[in-house]
There are 2 protein chains.
Amino acid sequence: MPAPRANMSYRDIKQVVLDRIQNRIWAPDSLLPSETELAVEFSSTRTTVNRALRELAEEGYLERKRKAGTRVLNSPVRKAQFSIPLVRDEIAETGAAYRYSLVESRIMPAPAWLSSRLDILQKQEVLHLRCMHYADNAPFQYEVRWVVTESIPEVLDADFTESGPNDWLVQKVPFTNLELSFMATKADQTVSEFLDAPLGDPVFTAERITWLRNKPVTLAKLFFAPGYKMTTHL
Amino acid sequence: MPAPRANMSYRDIKQVVLDRIQNRIWAPDSLLPSETELAVEFSSTRTTVNRALRELAEEGYLERKRKAGTRVLNSPVRKAQFSIPLVRDEIAETGAAYRYSLVESRIMPAPAWLSSRLDILQKQEVLHLRCMHYADNAPFQYEVRWVVTESIPEVLDADFTESGPNDWLVQKVPFTNLELSFMATKADQTVSEFLDAPLGDPVFTAERITWLRNKPVTLAKLFFAPGYKMTTHL
DNA sequence: TAGTGGTCTAGACCACCCG
DNA sequence: GGGTGGTCTAGACCACTAT
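With an unreviewed UniProt entry as reference, chain A is termed GntR family transcriptional regulator, source organism Leisingera methylohalidivorans DSM 14336.

Laid out in structure tokens, this is it:
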């Protein structure tokens with residue numbers, strides 16, 4: 001374990017503090033010395049100590065309150081960070097070749113469930129898209145999407161035969177808000193055919209809703225091919 | 001959109017910069033002015049501008065390189081942050097009553113797949129646990145867990161009849177490393193019975209491996225009751 | 001090699017909130 | 001009320017890396 005010495009960077013201080021937490025030198029629920037005291041111990045300044053502690057708090061190890069001081073959290077609420085890559089990138093990273101294909105594209109009135117889900121008017125015009133993403137010609141993801149045309153009229157002029165709506169939207173719409181859900185669903189007839197999975201088999205499914213300044217832009221359902229596993233390290 | 005003025009906090013600056021990104025005033029791939037220039041524009045100091053830009057970079061909007069400058073990312077790698085609550089807390093938040101039940105606890109040699117998964121010796125001693133978590137007496141989660149006794153011998157003296165291993169481990173082991181995976185699995189006979197789900201139905205499943213200073217501590221498989229949906233906002 | 005971000009210092013004022 | 005963290009300032013040196 002590193003020992004306090006002079007010229008410690010905020011990274012060094014983070015590490016020392018983390019070690020003390022993990023070795024129960026500062027037990028859960030206990031109070032740390034004040035920033036000022038720690039600055040003295042580490043022969044540093046309060047600014048530097050502050051950054052170290054602030055980051056540890058962001059990472060879920062500490063809780064900080066004015067006047068109350070800095071406390072060690074008993075059960076660190078570790079935060080899993082999933083990056084949400086474009087399908088294309090996700091496939092490219094595995095070294096496989098990416099292929100895209102448009103299955104269907106049509107304009108329609110929003111079905112009731114969608115209206116209520118996105119909080120838009122019943123039968124409001126939406127662009128309905130279905131597409132497939134392949135990795136080395138094996139089905140990887142089946143995408144079903146609805147885009148609220150009123151929120152982004154340019155979508156009607158976009159061409160989705162060559163590349164997916166996700167690519168287009170990411171470039172075009174600086175979304176401000178996002179809801180992401182994961183679940184396990186049962187492969188219905190369509191999903192089963194597109195993903196080459198037995199009917200009724202479990203399918204890892206993501207649902208993604210995007211807003212632009214509180215106006216709903218799009219809802220996408222992403223069905224992943226059998227065996228898909230979403231993993232994160234931290 | 002906020003306009004630059006004097007006395008802007010780093011939060012204000014963040015907001016202004018974010019607005020400019022989202023309104024394409026600073027387009028994707030374009031270079032921002034240097035910190036020094038921005039400090040002048042915002043009548044602030046470089047330190048303050050630095051914090052604003054640093055945080056925006058952490059949040060996935062910007063890419064910063066020495067000498068190269070600060071660039072707007074074209075497809076913001078938005079990061080989904082899932083907090084990973086204890087089952088107990090997750091249930092409590094819904095307002096339901098939490099109930100725990102130990103199904104099985106026994107010491108055994110690690111099966112081959114586990115050894116290879118955790119990178120431990122074949123047949124190394126592990127504590128095998130199975131338990132159930134209920135919400136208002138409805139099955140919520142079926143937990144299957146293995147704990148490497150060598151990594152944490154105290155686990156042999158712990159009592160898991162009243163509360164789950166997760167609670168105990170969180171209190172006892174300051175894990176340093178974590179791998180978390182999500183997938184959709186098919187309910188086998190056991191899972192089907194415990195979760196009261198039809199055999200073969202999709203089950204949302206999480207797998208969690210924890211290390212303490214590079215030594216594997218535990219692997220848990222968490223099977224969620226039908227209809228479970230994991231959601232995050234950002 | 002020169003310009004950019006990364007970080008540290010020393011000091012200051014303030015907002016919050018526990019006791 | 002007073003102590004703690006939150007933040008800002010003004011300045012400095014340094015590390016990296018594009019050119």
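This brings us to the protein's contact with DNA strand D. With respect to spatial proximity, 23 residues lie near DNA strand D, and among them Arg-46, Arg-64 and Lys-67 of chain A together with Ser-9 and Tyr-10 of chain B are the closest. The contact in question runs from a base oxygen of DNA strand D to an N or O atom on the side chain of Arg-46 of chain A, over 2.3 Å. The side chain of Thr-70 of chain A places a nitrogen or oxygen atom 3.2 Å from a phosphate oxygen of DNA strand D. Looking at the surface near DNA strand D, the elements that each hand over two or more residues are helix H3 (46–58), strand S1 (62–65) and strand S2 (69–72) of chain A together with helix H1 (10–22) and helix H3 (46–58) of chain B. At four residues, H3 of chain B tops the list of elements feeding residues into the surface near DNA strand D. Looking at the surface near DNA strand D, its residues break down into two nonpolar, nine polar and 12 charged.

Scanning the entire structure with this criterion turns up 21 aromatic pairs over all chains. Ring plane angle 90° and centroid distance 5.1 Å describe the contact between Trp-113 of chain B and Trp-146 of chain B, whose orientation is recorded as edge-to-face. With Trp-113 of chain B in helix H5 (residues 112–118) and Trp-146 of chain B in strand S6 (residues 138–148), the pair connects residues that are 33 residues apart, well separated along the chain. Arranged with centres 5.9 Å apart and planes meeting at 90°, the rings of Phe-160 of chain B and Trp-168 of chain B form a pair that is edge-to-face. Accessibility assignment for this pair places Phe-160 of chain B and Trp-168 of chain B in one class, buried. Members of the aromatic cluster, each reached through a chain of ring pairs, are Phe-140, Phe-182, Phe-204, Phe-224 and Tyr-228 of chain A together with Phe-140, Phe-182, Phe-204, Phe-224 and Tyr-228 of chain B. The residue whose ring lies beneath Arg-51 of chain A is Tyr-10 of chain A, and the NZ or CZ to ring-centre distance is 4.0 Å.

Residues and elements named next belong to chain A. Across the interface, helix H1 (residues 10–22) lies against H3 with an axial gap of 8 Å and an inter-helix angle of 55°. Overall, the two elements H1 and H3 adopt an arrangement that is oblique. For H1 against H3, the interelement crossing comes out right-handed. Contacts between H1 and H3 pair Tyr-10, Ile-13, Lys-14, Val-17 and Leu-18 from the former with Thr-48, Val-49, Arg-51, Ala-52, Leu-53, Glu-55 and Leu-56 from the latter. Tallied by class, residues from the contact of H1 with H3 come to eight nonpolar, one polar and three charged.

Moving on, we come to the protein's contact with DNA strand C. Around DNA strand C there are 23 residues in total, and Ser-9 and Tyr-10 of chain A together with Arg-46, Arg-64 and Lys-67 of chain B lie nearest to it. Each atom of DNA strand C within 4 Å of the protein was classed as base or backbone; sugar and phosphate made up 63%. Thr-45 of chain A is positioned such that a nitrogen or oxygen atom in its side chain is 3.1 Å from a phosphate oxygen of DNA strand C. Arg-66 of chain A places a side-chain nitrogen or oxygen 3.1 Å from a base nitrogen of DNA strand C. Broken down by secondary-structure element, the contributors of at least two residues to the surface near DNA strand C are H1 and H3 of chain A together with H3, strand S1 (62–65) and strand S2 (69–72) of chain B. For the surface near DNA strand C, the leading source of residues is H3 of chain A, giving four residues. Classifying every residue of the surface near DNA strand C by side-chain character gives two nonpolar, nine polar and 12 charged.

What the seven strands build is an open sheet, ordered S10(A)-S7(B)-S8(B)-S9(B)-S6(B)-S5(B)-S4(B); its pairing is antiparallel. Both edges of this open sheet fall to strand S10 (229–233) of chain A together with strand S4 (98–109) of chain B, since each of them pairs with a single strand only. Averaged over all pairs of adjacent strands, the angle between strand axes in this sheet comes to 15°, irrespective of strand direction. One ladder, built from five bridges, connects S10 of chain A with strand S7 (residues 177–186) of chain B; its direction is antiparallel. Note that in S7 of chain B the partner of His-233 of chain A across the bridge is Glu-179 of chain B.

Another aspect to go through is the nonpolar core. Ranked by size, the top nonpolar core spans 29 residues in total, and within it Phe-204 of chain A together with Phe-204 of chain B carry the most contacts. Of all the elements in the fold, those that place two or more residues in this core are helix H4 (87–93), strand S7 (177–186), strand S8 (202–212) and strand S9 (215–224) of chain A together with helix H4 (87–93), S7, strand S8 (202–212) and strand S9 (215–224) of chain B. Excluding residues within four positions of it along the chain, Phe-204 of chain A makes contact with Phe-182, Met-183, Leu-222, Phe-223, Phe-224, Tyr-228 and Met-230 of chain A together with Phe-182, Met-183, Ala-184 and Phe-204 of chain B.

Turning to helix H6 (residues 165–172) of chain B, a few remarks are in order. Residues and elements named next belong to chain B. Of all the eight residues making up H6, six are buried; the element is thus mostly covered by neighbouring parts of the structure. Every buried residue of H6 is accounted for by Pro-165, Asn-166, Asp-167, Trp-168, Leu-169 and Val-170. Tucked into the core, H6 has its buried residues touching H4, S4, strand S5 (125–135), S6 and S9.

Rules and cut-offs
Residues numbered from 1 in each chain as written. Chains lettered and ligands numbered in written order. Predicted model: local features only at pLDDT ≥ 70, side-chain atom pairs only at ≥ 80, totals over all residues. Heavy atoms only, no water. Near = heavy atom within 4 Å. Polar contact = N/O pair within 3.5 Å; in protein donor to acceptor, adjacent residues only side chain to side chain. Helix = DSSP H or I, 4+ residues; strand = E, 2+ residues; numbered from the N terminus. Nonpolar A, V, L, I, M, F, W, Y, C, P; charged D, E, K, R; others polar. Phe/Tyr/Trp six-rings, centres within 6.5 Å; stacked < 30°, edge-to-face > 60°. Buried < 20%, exposed > 50% of the residue type's maximum accessible area, 1.4 Å probe, protein only. Lys NZ or Arg CZ within 6 Å of the ring centre and 35° of its normal. Axes fitted to C-alpha atoms, helices over the stretch in contact; angles between N-to-C directions. Parallel < 35°, antiparallel > 145°, perpendicular 65-115°, else oblique. Left-handed = near helix turned anticlockwise from the far one by under 90°. Contact = heavy atoms within 4.5 Å. Pairing = 2+ DSSP bridges. Core = buried A, V, L, I, M, F, W, Y, C linked by side-chain atoms within 4.5 Å.

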